[in-house]
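Coordinate inspection notes
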Amino acid sequence: FLFILVMGFSMSLLMTLIITYINTGLDNQYINRFFKAWTVSLPIAIIAALLLGPPIKKFVDKITT
């Protein structure tokens, strides 16, 4: 569970930083736009990791053993 939380946190942080920069550029409102986007992306990333993590792990275990 801790792994999923840390992974969701770090992936959503990095992706939101990059996508916000690509879509809107870097100006004095960048941080505000980033935090607004991150408040949406963080819960989505954690829920996705919780739902998709176990079946993906089973699939990877199956194809690598």
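Only a predicted model underlies this, so the values are computations on that prediction, with no experimental measurement involved.

Side note on a nonpolar patch on the surface
- Residues Ile47, Leu51, Leu52, Ile56, Phe59, Val60 and Ile63 make up a contiguous nonpolar surface patch of roughly 710 Å² in combined accessible area.
- Locating Ile56 in the fold gives a position in helix α2 (residues 30-64).

Things to note about the side chain of Ser41
- Along the polypeptide, Ser41 turns up in helix α2.
- In terms of polar contacts, Ser41 uses its side chain to reach the side chain of Thr16, at 2.8 Å.

Describing the packing of aromatic side chains
- Applying the stated rule across the entire model yields 4 aromatic pairs.
- Geometrically, the ring pair formed by Phe34 and Phe35 is tilted, given 4.9 Å between the ring centres and 55° between the ring planes.
- Judged by its relative accessible area of 42%, Phe35 falls in the partly exposed class.
- Pairing Phe35 with Trp38 gives two aromatic rings, centres 6.4 Å apart and planes at 45°, and the pair type is tilted. With a gap of 3 residues between them, Phe35 and Trp38 both fall in helix α2, about one helical turn apart.
- Here a set of aromatic residues connected by ring pairs shows up, and it is made of Phe9, Phe34, Phe35 and Trp38.

Examining helix α1 (residues 2-24)
- Between the first and last C-alpha of α1 there are 32 Å, a value that for 23 residues agrees with the 33 Å anticipated at 1.5 Å per step.
- Looking at α1, one finds that the buried residues are Ile4, Gly8, Ser12, Thr16 and Thr20.
- Looking at the buried residues of α1, the elements they touch are α2.
- Residue Gly25 follows α1 closely and has a positive phi angle near 80°.

Rules used in this analysis
- Residues numbered from 1 in each chain as written.
- Predicted model: local features only at pLDDT ≥ 70, side-chain atom pairs only at ≥ 80, totals over all residues.
- Heavy atoms only, no water.
- Patch = residues over 30% accessible without salt bridge, like charges linked within 9 Å, V, L, I, M, F, W, Y side chains within 5 Å.
- Areas by Shrake-Rupley, 256 points an atom, 1.4 Å probe, with all protein chains shown as cover.
- Salt bridge = Lys/Arg side-chain N within 4 Å of Asp/Glu carboxyl O.
- Helix = DSSP H or I, 4+ residues; strand = E, 2+ residues; numbered from the N terminus.
- Polar contact = N/O pair within 3.5 Å; in protein donor to acceptor, adjacent residues only side chain to side chain.
- Phe/Tyr/Trp six-rings, centres within 6.5 Å; stacked < 30°, edge-to-face > 60°.
- Buried < 20%, exposed > 50% of the residue type's maximum accessible area, 1.4 Å probe, protein only.
- Expected span 1.5 Å × (residues − 1).
- Contact = heavy atoms within 4.5 Å.

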